[in-house]
Amino acid sequence: MTSSEISVYARPASEVATDLGSDPSSGLASADAATRLADSGPNRLPEPKGSPAVLRFLSHFNDVLIYILLVSAGLKAIYGDWIDFTVILVVAVANAVIGFVQEGRAEQALAGIRNMLSTSATVLRDGAWTELGTENLVVGDVVRLTPGDRVPADLRLISADNLRIEESALTGEAVPADKNIQPVEPDAGVGDRTCMAFSSSIVSAGRGVGIVTATGSDTEIGRIQQLVAGVESEPTPLARQLNRFGSTIALVVILAAVAMFAIGRLLHGGDAADLINAAIGFAVAAVPEGLPAVVTITLALGVQQMARRRAITRHLQSVETLGSVSVICSDKTGTLTRNEMTALTVRTRSGVFQVTGEGYEPAGAIEPAGGTTAGDAAKAELDALIAVMGVCNDAEVVQDGESWQLVGEPTEGALRALALKHGFSAESYRRAAEVPFDSATKFMATLAVGPDDARSVFLKGAPDGVLARSSTQAAGDGSEPLDLEFWNEQIDRLSEQGLRVLAAARRPAPTADELDDEDLGSGLEMLGLVGIMDPPRAEAAAAIGTCHHAGVRVKMITGDQAGTATAIAQQLGIVTEDAETRAGDAPLTLTGAEIEGMSQSHLEHLVADVDVYARTSPEHKIRIVRALQRSGQVVAMTGDGVNDAPALTRADVGVAMGIKGTEATKEAADIVLADDNFATIERAIEEGRRIYDNIRKSVLFLLPTNGAQSLVILVAVLLGFALPLAPVQILWVNLVTSVTLALALVFEPAEPGLMDRPPRSPKAQLIGARDLALVAFASVLVAAATFAVFSIERAVGAGTAYSQTAAVATLVLGQLMYLFSCRNLHGSAFAKGMFASNPMVWKMSGLLIALQLLFTYLPFMQDWFAVTAISARTWGISLLAALIVFALVELFKLWWTRPTYGTSADSGVAQPRNSA
């Protein structure tokens, strides 16, 4: 392999500069830069090529349920029923408009990423530094970085002076990355390429100079853009189920209509025109045109409910998809944790202290661990350590309304909050001189002058560096020889807990207001250690427990170090140290480097048993999500950084953080959490399950309406009887029941034990074999009751209009009674709380009865629908028939909901473990 084939981050900076034809001392010549710009194009992310708006709008009519709506509208037009034709057409168009407005998540994500690029940069051209628009940068340009700058392109650093860059949007790391100019290994991940500065990241401290190695779509963020553009969104489980369901209904309707025409013609010699009219009436009766509207309204109301629970839905069907989620892949920083570094433990020679309170709010206390009492020696050591951490510190925490904000770096913010919790004020000290933090030495030092004019050198930093400069350790108010073995043991204990460990030391200061190597090289007094962590959210642990109880696996995918990720996962209950529940070769944690070295099939073998993934890149996240989906899981992916956008697009449900998430991530997501809280996801899953239950209830309610009407017409044709229902009367029943009764089910609260069920299978049918048994039984009952009442009235000499009116009344009342059975699919209609849990049922029932009375007795309605007024006796017969339907359905449900275990293979909905 030649040197030019080796990645720029794995070669010396001088070699990279030579290969790129750049001179670090003078930069590119303007003429050379212009030529390169003409060849490579501007340093910006390309606009995506989109389909014309008209085609994107029309594509939303390419759906089986929309076809059913359009067919229904066409049939109504054939009957000249222009009012219903218009209503159904409006519903179809409304569905398309909703989809059109909410489509294009990937395209919107790309726009969000493009907005993250900086607009100007300090560039060395023709031997002079100048401000240049970032679009004019080319490979080989020399760029200077200062605090607050947004890196304009991917750079190979050639100088780094205490340079630290905030890369969380790309890597997921909670703290800024230290940068240097030393090459790294060729297989190093993005987060480990310490000699690189990546486009869109932000300089948090120090200064640096780098050579542009990639611009536009060739940068790391440009590569992520290409990943987003290339990721295809998976159809939601509900969409797949509704498509299968709609296709089945369409096929059955067509075959049955053809068979009915053929039988009527061949067996009974029926008139062709009459049979065609009956077949069209059968099709109108069988097509559940109210279903798409009910589904859309159910989802829309679910969106409102989700918003009240702090989850903002951008993609309508994702509300329901959450209910079928079986795996949640969650980012760590800010979702499972607070994204606020917090000091948790203080260790001095004489004592261990635990710190209460979380985040940057200075509320809490420093207390002896284990409920013990700190001695005078431990207190004196603690006071000394807090003074160092508070004075040798450039961060501030300030109150902004009800929250506390950090001004400075997260680690120092944690130490500032620690000092404030102890009641220490750094204002009583004067900083006469300081040595800033250096990534090479990993410490910061301050010459501090105290209230009594005592002069001290305060030093804080990485424990190994501090210990190497120490010869003694604090022992109460005195000092004793350094016990190096003791401190190394304490450092290991804290590190094993996933804590980031900092050490503090001091020594008497010189009289001059300056610090040099002689003051810091040796002779320091070791004071103690502070363990810092971005702590887990307390509510996240409870939510994860609820998810596990509901059969939803939670996996952590982070760019952070494996040790830290594993420690947090264990605290949250995501993983345990018990390896018996994992596959024989499944590790506790997988890193990005390990994923990089394995095949997709091997990853699919391990992915179900590994719950922590560390040091991952955007490609790794997509591979993990894809592997889970290939194993039959419905995956929700959370994230807040640009590096999460491709995986959010690929997942069945993408969930972005609303507060700390990037715009690109929010645009790629289906759902945005307004509070950045994992517990909100758990509540959203519960809401999604409730919504799916209500959609099933609506379907199971609507189908017997269509089934009964179809059976009435089918039996009449097959037996050569007069039609008990006219097509226009069928349209009335379909309209009135879907507008009133079906919508009442939308408001049903969650059934008891909703989160005790396992997730439903994504392969399950919306209506399974057991469900079809209930639908068929109810259809036959309602059809029989309708036919019976029609026949009774005809037998006593009533005319066709009177008998048909009685049949319509029986059909409507039968559906009303069946509604009460559908409200509780897993138990009795008389279960406790059923009568008061959904007031909308009673309101819609009253509306239905009112509409049916108007239908029966208003003269113009009688003219439109060919009906007539009926007597109280006939109403009584219809009501009695409806009550018989209700009683028989409830008896049938005793068998239908008999005790089962696990999940129904048909519907994928968990059956009750012990239902009546």
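Residue indices follow the written sequence of each chain, beginning from 1 at its first position. pLDDT decides what is reported in this predicted model: residues at 70 or higher carry local features, side-chain atom pairs at 80 or more are listed and counted, and totals for whole chains, interfaces and linings draw on all residues regardless. Hydrogens are left out, water is left out, and the side-chain values use all remaining heavy atoms of the structure.

**Observations regarding the packing of helix α29 (residues 769-795) against helix α30 (residues 800-822)**
Each packed pair of helices is defined by two parameters, the angle between the axes and the distance between the axes. Axis lines are fitted through C-alpha atoms, for helices just across the contact stretch, and the angle between N-to-C directions can take any value from 0 to 180 degrees. Helix numbers and strand numbers start at the N terminus; a helix is a DSSP run of H or I with at least 4 residues, a strand a run of E with at least 2. At a minimum axis distance of 8 Å, the contact between α29 and α30 shows a crossing angle of 150 degrees. Relative to α30, the element α29 is oriented roughly antiparallel. At the point where α29 passes α30, the crossing takes the right-handed sense. Taken together, the residues of α30 that come into contact with α29 (itself represented by L774, A778, V782, A785, T786, V789, F790, E793 and R794) are T800, Y802, S803, Q804, A806, A807, T810, L811, Q815 and Y818. In terms of residue class, the contact of α29 with α30 is made up of eleven nonpolar, six polar and two charged. Throughout, the term roughly parallel applies to angles under 35 degrees, roughly antiparallel to angles over 145, roughly perpendicular to angles from 65 to 115, and oblique to all others. Crossings are sorted by hand: turned counterclockwise from the far helix by less than a right angle, the near helix makes the crossing left-handed, and turned clockwise it makes it right-handed. Note on contacts: a residue pair qualifies if any of its non-hydrogen atoms lie within 4.5 Å across the two residues. Put simply, Ala, Val, Leu, Ile, Met, Phe, Trp, Tyr, Cys and Pro go in the nonpolar bin, Asp, Glu, Lys and Arg in the charged bin, and everything else, Gly too, in the polar bin.

**Side note on the pairing of strand β1 (residues 120-125)**
Counting buried positions along β1 gives five out of six residues, so the element sits mostly inside the fold. Think of it this way: DSSP has to see at least two bridges between two strands before they count as a pair. Where β1 and strand β2 (residues 128-133) come together, six bridges link them in antiparallel fashion. Residue pairing for β2: S120 is matched across the bridge by G133. Linking β1 back to β2 in an antiparallel pair, the connection comprises two residues, with D126 at a positive phi of about 55 degrees. As judged from the three bridges shared by β1 and strand β3 (residues 142-145), these two strands associate in the antiparallel manner. Bridge assignment links T122 to a residue of β3, and that residue is R144. With a 1.4 Å probe rolled over the protein chains alone, any residue whose accessible area is under 20% of its type maximum counts as buried; one over 50% counts as exposed, and the rest are partly exposed.

**With respect to the packing of helix α19 (residues 538-549) against helix α26 (residues 678-719)**
Relative orientation of the contacting elements α19 and α26 amounts to 30 degrees, with a least axis distance of 8 Å. Relative to α26, α19 is oriented roughly parallel. Taken as a pair, α19 and α26 cross one another with a handedness that is left-handed. Only F678, A679 and E682 of α26 make contact with α19, whose side of the interface consists of E539, A540, A543, I544, T546 and C547. Looking at side-chain class alone, the contact of α19 with α26 contains six nonpolar, one polar and two charged residues.

**Here's the deal with a negative patch on the surface**
For patch building, the residue pool is restricted to those with more than 30% relative accessible area and no salt bridge; the joining distance is 9 Å between like charges and 5 Å between nonpolar side chains (Val, Leu, Ile, Met, Phe, Trp, Tyr). For the area figures, the Shrake-Rupley method with a 1.4 Å probe applies, and any residue is considered shielded solely by the protein chains shown. A carboxyl oxygen of Asp or Glu within 4 Å of a side-chain nitrogen of Lys or Arg is what we treat as a salt bridge. Only four residue types enter the charge count, namely Lys and Arg as positive and Asp and Glu as negative; His and the chain termini do not. For this purpose, a charge sits on NZ of Lys, CZ of Arg, CG of Asp or CD of Glu. A cluster of acidic residues, E514, D516, D517 and E518, forms a negative patch at the surface. Within the secondary structure layout, D516 lies in the loop between β20 (500-508) and α18 (517-520). The class of D516 is partly exposed, set by a relative accessible area of 39%.

**Quick look at the environment of V634**
Tracing the backbone shows V634 in the loop between α23 (618-630) and β25 (635-639). The class for V634 is buried, based on a relative accessible area of 1%.

**Here's the deal with the sheet that holds β25**
Judged by pairing direction, the sheet is mixed, and its eight strands sit side by side in the order β8-β27-β26-β25-β9-β22-β24-β23 without closing on themselves. Sheet topology places β8 (311-313) and β23 (589-591) at the edges, where each strand pairs with a single neighbour. Between one strand axis and the next, the sheet turns through 20 degrees on average, direction left out of account. Running over the sheet, helix α20 (residues 562-572) touches β22 (553-557), β23 and β24 (612-614) and is turned about 155 degrees from β24.

**Looking at the side chain of T348**
Within the element layout of this structure, T348 appears in the loop between β10 (342-347) and β11 (352-355). When near neighbours in sequence (up to four residues on either side) are disregarded, T348 contacts F353, A378, E381, L382, F486, W487, L527 and G528.

**Looking at the pattern of salt bridges**
Taken as a whole and assessed by the stated rule, the structure comprises 36 salt bridges. Note that E748 and R823 form a salt bridge whose closest N and O atoms lie 2.7 Å from each other. Pair noted here: E748 is in the loop between α28 (741-746) and α29 and R823 is in the loop between α30 and α31 (839-857), with a separation of 75 residues, a long-range link. Judged by relative accessible area, R823 falls into the buried class, the value being 3%.

**Some details on a nonpolar patch on the surface**
A contiguous nonpolar surface patch, about 470 Å² in accessible area, is contributed by L880, I884, L888, L891 and L894. Within the element layout of this structure, L880 appears in helix α33 (residues 872-896). By relative accessible area, which is 51% here, L880 ends up exposed.

**Some words on the environment of E514**
With respect to the element layout, E514 can be found in the loop between β20 and α18. With 81 residues separating them in the primary sequence, E514 and A433 have C-alpha atoms 5.2 Å apart. When near neighbours in sequence (up to four residues on either side) are disregarded, E514 contacts A433, L447 and D519.

**Structural notes on the side chain of Q629**
Here Q629 lies in helix α23. Given the relative accessible area of 14%, Q629 is considered buried. Two N or O atoms count as a polar contact when they lie within 3.5 Å, although within protein this holds only if one can serve as hydrogen donor and the other as acceptor, and sequence-adjacent residues are included solely when both atoms are side-chain atoms. A polar atom in the side chain of Q629 sits 2.8 Å from the side chain of R650.

**Observations regarding the confidence of the model for the protein chain**
The predictor rates its confidence in each residue with pLDDT, a number between 0 and 100. Mean pLDDT over the protein chain stands at 82; residues scoring 70 or higher make up 84%. Counting interchain partners and residues more than four positions distant, the pLDDT-below-50 stretch residues 109-114 has 20 contacts. Note on residues 900-916: pLDDT under 50 across the span, and 52 contacts to partners over four residues away in sequence or across chains.

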